Structures are given as C-alpha cells and as structure tokens.
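# Topology and contacts: notes
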Amino acid sequence: MRVTNAAVVADVPVRPFVPGAPGTHITIRGLTKYFAGWPLYENFDLDIPKAKIVSVFGPNGCGKSTLINMISGLIPIDGGEILFDGKSLAETKIGYVFQNYREAMFPWMRTIDNIAYPLVMEGKSKAEVDRRMQELVASFDVKFDLNRYPYELSGGQQQTASIMRALAPKPEVVFLDEPFSALDYEMTLFIREKLQEVFIQSGTTMMLVSHDLEEAVYLADQILLLTKRPTKIAEILKYDDPRPRTVATLSEPSFISAKKLSLEIFQREVRR
Amino acid sequence: MDAPSSEAVAPAGNAAPWTAPAVSVAPPRSFPWGKLLPFLGPLVLFIIWDVVVRAGLIKAILLPPPSATIVTLVTGLAGGPLLTDFGVTVWRTVQAFLIAAIVGVPLGVLLGSSERAYRSVEFLIDFFRSTPSSALIPLFLLIFGVSDINKVAIAAFGAFLIVVFNSAYGVINARKQRVMAAKVMGASRWQIFKDVLIWESLQPTFVGLRSAVSMALVIVIVAEMFIGSESGLGHRIIDAQQVLNVKSMYAAILSAGALGYALNVIFLIAEKRIVHWSGR
C-alpha cells in the first residue's frame, strides 16, 4: 500500500516515550490493534512490574489472550511499542504456556526432548541440558516418566511438561494463556501450587490470562481488569497476601475482599 | 479387529463407582467368534461362486470353479509363469512409486511451506490430478515409445501428483499452534521447517504415499494391457482372455488384487509405526 499523503503523516508529532515506574519490567506504549477494521486496542499504555504475577481478567472478547499474544510476539501489532527492561522482544528470552497443551507439545518427540527443545535451540551442550533437566525435575517434583511421548501422559502431566518447557531456558517473562482451563479441578489445584512454588523460587515475571476469577486473584500480585472493546484498563488491583498462599488463603478476608472488588469492577464493565 | 474388545472395556473403566452385580455375570469364555467375521465375506463369495458354476448358471468357459482357480493361482505363484509376471509388475510398481516418492515428497513439502508457491502451481496439480492418467498413455507413448520405461514413467507421473498434493497440504495445514510454540521458543524459519513442518506433514504424506502406490499399480497394469508388453500381470490377464484361458485369467486377477491389498496393508503398518502419534 502506498501512502499518498505521507507528508501529512510525517507532520504528526511523535508521542514522547514515558518510562514506567521503578520496578517496571514490560512497558507498553501506544499499543494499537485492529480486528476486521475495528479497534481492539487503541493507544493502550500498560506497565507490567518485574518479578510479579499479573493476572489478566476481563469480559469475553476484550482481547485478554490477544494482549499477551501481542506482547509475546505471536500476533503482530498495528502500532505502538513494547519494551522489556528497555530491550526489544528479539533480545528477550520468553516462555509461553498454551491452553491447548495437546497442540503445543511436539508428539514426535519424547516429553523430555520437548522440555529440552528450547535449550537445544539455544545451542546448549548436552551436559548443560542434562543439568537443567535435573533441576527442573527436582523443582517440579516430577513423578511421571519423562521418556514417554506426550500423548501417553495425562492432561495434567502434559501441561506440567509444557510449563517445564516454558521455564527451561530460564526466561525473563512467562506468559500463560488459560493454562488450567483444559484440566480437571484436581489437576488444576496441583499445577497451580507447582506454579506458585516455581515462582517463589525463581521470581520470574509472569502474565496469566484466566477466566476463573478465584484462580486469577489467588496467583496474582496484580489483577489487571480490562474493559469491553475498544479495550482499556478498567482497574489494576494490588493483592499482596504473603506467599506461599494456601487453601487457607482462600478464606482470608483480604482474599475475599480482593475477589469481591474484582468481581464488582468486572460486572460494572460487562454491563457498561 | 480388536475394536470390539476395546469397546467392551471402555464403559467399564469409566463407570468406576458402579459395581456390577457379582452374581450370574461370568467372564465370557466362549470362542471369540467375532474374530472370524472378516473371513465370512470371502467365504460366502466363494460359496456363491461355486454354486453358480455347479448349477451351470454361467458357462464354465467364462467362469471356472473357484477351487480350480485357486489351484492355478497357487501353482502359478509357486514358481510358475504367473510368478514371473507378478514379479515384473511388482518391480515396475515399486520403481514408479519410488520415483514419485523421492521427487514428490520433498517437492510437496517445499511447495507447502511457501503457500504462495503452492497457489501458483495449484491449478496445474489439481488439473492433472483430475485427469485420468490412462488418458495420457498415448502422450507418453509419443515421448517414451513402446518401452518398459514408458509404463514406469506414466505410473510415476500419476503417483507423483498424489504425493505432491498430499505432502503440500500436510505442511499448509500444519497445526498453527505448534508453529507458534516453536516461534515463541525462538526457532528460526529453517528450524520451524525441519522440527515442526516436516513432522506435521508426515501423516498426510503417508496418506498420499498409500494412495500413490495404489495408483501406480493401477496404471502399471493398464499400461501392461495396452502398451505392447511381453510380461506383467496386465499382459497376462489380456493374453489369457484372448485365448479364453479363464483359469489363468482369474488367477492373474486374484493375484493383482492380492498385490494391491498387500501394498495397502504394508503402508498402513509402516504409517502406524512411523507416525506413532497419529490420531492421539
């Protein structure tokens, strides 16, 4: 497409870049994304704090997954800037956990080779890969046989393996797109605990998309509540009960009030 | 063949809380008749065939009794001239198939990995895929003359189009999410190609190879019938028909059928072994 009025476009002053508050990891400025000609995100600004878990929650179709997919580079953006500690995505190591683990793992590789794949691609030596695998197996307390093929494992085991794969290269940021929604409740609880443990150990920045409000609040340091499209930030709630959070946390007044407040904002936005 | 047994197990495994009334239900000890079901059809066919011949409904000069046909088939394949023709047809089919596979699979995968490249040749592939290959026999006669190469060439051509089509679509329809997963782990285009796309295309490629070997066999036999040939099952069938040697003709037809069936089974087994994740 040829821009016929290029001169006019060039005259528009560039918005000055405003850095995020101290402790910001991901800075999003002027993010714009159109879907079928309609704006989904328009001049969207957001700061994601470092070494925290941010849960993304909002009405259906507001683009929760689209947001993390744009940040992680899976979907191209139509405008704006996304920086990780001032670096571009290409210079940043990220991990991504898909909702549909069946189509995220490579069924032609054994589970262990799936997990090691990002390391092998970084050109790590056999010894380095083995050492990292041992660390991961220990920190996830893996009880199943990683030499099996992914399709031979249960859904929960497959999702555990894909979380291990995402964390294997020690990424700076991990994105999780509804990682529990294809699992049964028992497995969800188990993997949720594992994820929290690993987060406490590693302090990796995480962005979690969830459609379960309890889960979103339980894991989060910040709950990012979005509006209907064109999507804006409805509210960013802080929830700082100490970790490790447990089943007892679910009945703490602070948890209940954070969840209640989130729900109120959510309902306000849905009705709007 | 093991489908009935797995069906029987599945509901029991799911309905864990319900316990069967312990009385009266004994494990089935009777002979597994279900396993014999696949033999029922052929048996019935042979019986009808035999009855028809015995009753004289069809002249013996047109239809030999099944027992005589089977004897001719077995003695022919046990070192008789039928074996030679059988071997020649197998060899031509294998050659045609190998050419189609060795050229077709890499080309299909390459075309599929660039959708624009595939779109630009899609019409050609679809057009010639829809053209009955036997209609091209005269064209190939002009190019290769009445030769052995001609039969292999036209069979290879027909099989090749099927292979290219299936491999290309295998790559084009690769699960987008696996490609994304590789991309997010920092895979380059080449790494995505060799670690994801090729593997994703394996299953459709096998479907293509299996159809291609059937197609190669069909064309080889047609070519043996109508392109001056001294050997091969097609030649044998036509020859036997001309002199009304019906026993030999039916034996050759049956052996061609057995060959086609065996090739199909071999490919199914190979696919199950190699594409072990298929359907899971």
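Residues numbered from 1 in each chain as written. Chains lettered and ligands numbered in written order. Predicted model: local features only at pLDDT ≥ 70, side-chain atom pairs only at ≥ 80, totals over all residues. Heavy atoms only, no water.

## Observations concerning the overall build of chain A
- Counting its secondary structure elements, chain A contains 8 helices and 9 strands.
- In summary, chain A has a C-alpha radius of gyration of 20 Å against a globular reference of 19 Å for 272 residues, a match within 12%.
- Across its three principal directions, the C-alpha atoms of chain A cover 60 × 50 × 35 Å.
- In chain A, once contacts between residues fewer than 6 apart in sequence are set aside, the share between residues at least 24 apart is 70%.
- When the accessible area of chain A is evaluated, it comes to approximately 13,000 Å², of which 55% is carbon and sulfur surface.
- Considering chain A, the positive charge centre built from 32 side chains and the negative charge centre built from 34 side chains are found 2 Å apart. (Helix = DSSP H or I, 4+ residues; strand = E, 2+ residues; numbered from the N terminus. Rg over C-alpha atoms; globule rule 2.2 N^0.38 Å. Contact = heavy atoms within 4.5 Å. Areas by Shrake-Rupley, 256 points an atom, 1.4 Å probe, with all protein chains shown as cover. Lys, Arg positive; Asp, Glu negative; His and termini not counted. Charge placed at Lys NZ, Arg CZ, Asp CG, Glu CD.)

## A word on the packing of aromatic side chains
- On inspection of all chains with the given rule, the structure shows 22 aromatic pairs over all chains.
- Taking the centre distance of 5.5 Å and the plane angle of 5 degrees together, the rings of Phe 106 of chain A and Trp 108 of chain A count as stacked. For the pair formed by Phe 106 of chain A and Trp 108 of chain A, the shared burial category is buried.
- Taken together, Phe 123, Phe 127, Phe 128, Phe 140, Phe 144 and Phe 157 of chain B form an aromatic cluster joined through their ring pairs. (Phe/Tyr/Trp six-rings, centres within 6.5 Å; stacked < 30°, edge-to-face > 60°. Buried < 20%, exposed > 50% of the residue type's maximum accessible area, 1.4 Å probe, protein only.)

## A look at helix 4 (residues 81-113) of chain B
- End to end, helix 4 of chain B covers 48 Å across 33 residues, agreeing with the expected 48 Å (1.5 Å per residue, within 8%).
- Roughly 30 degrees is the biggest bend found in helix 4 of chain B, and it falls at Gly 104 of chain B, with proline Pro 106 of chain B one to four residues downstream. (Expected span 1.5 Å × (residues − 1). Bend = angle between axes of the 7 residues up to and from the residue.)

## Notes on the pattern of salt bridges
- Applying the stated rule across the entire model yields 28 salt bridges over all chains.
- Close ionic contact of Glu 103 of chain A with Arg 175 of chain B constitutes a salt bridge, the shortest N to O distance being 3.1 Å. Taken together, the residues Glu 103 of chain A in the loop between strand 5 (94-97) and helix 3 (111-121) and Arg 175 of chain B in the loop between helix 7 (148-172) and helix 8 (176-184) connect one chain to another.
- Classification of Arg 175 of chain B by relative accessible area gives partly exposed; the value is 39%.
- For Glu 224 of chain B, the salt bridge identified is with Arg 92 of chain B, shortest N-O distance 2.7 Å. Placement of Glu 224 of chain B in helix 9 (residues 189-226) and of Arg 92 of chain B in helix 4 is noted, with a sequence separation of 132 residues between them. Here the two residues Glu 224 of chain B and Arg 92 of chain B agree in accessibility, since each one is buried.
- A cluster of three or more residues bridged by salt bridges with shared partners is formed by Glu 235, Arg 268, Glu 269 and Arg 272 of chain A. (Salt bridge = Lys/Arg side-chain N within 4 Å of Asp/Glu carboxyl O.)

## Thoughts on the side chain of Gln 191 of chain B
- Relative to the elements of secondary structure, Gln 191 of chain B occurs in helix 9.
- Polar side-chain contacts of Gln 191 of chain B include one of 2.9 Å to the backbone nitrogen of Ser 188 of chain B.
- Those residues in contact with Gln 191 of chain B that sit more than four places away from it in its chain are Tyr 117 and Met 121 of chain A together with Gly 186 and Val 196 of chain B. (Polar contact = N/O pair within 3.5 Å; in protein donor to acceptor, adjacent residues only side chain to side chain.)

## Here we look at the sheet that holds strand 9 (residues 233-238) of chain A
Residues and elements named next belong to chain A.
- Strand order in the open sheet formed by 6 strands is 5-6-7-3-8-9, and the pairing between neighbours is mixed. Each edge of the open sheet carries a strand with a single partner, namely strand 5 and strand 9. Taken over all neighbouring pairs, the strand axes of this sheet differ in orientation by 15 degrees on average, direction set aside.
- Both strand 3 (residues 53-57) and strand 7 (residues 205-209) contribute to a ladder of 4 bridges, which runs parallel. Along strand 7, the bridge assignment pairs Val 56 with Val 209.
- The strands touched by helix 8 (residues 253-271) are strand 3, strand 8 (222-226) and strand 9; relative to strand 9, the strand with the most contacts, the crossing angle is about 180 degrees. (Pairing = 2+ DSSP bridges. Axes fitted to C-alpha atoms, helices over the stretch in contact; angles between N-to-C directions.)

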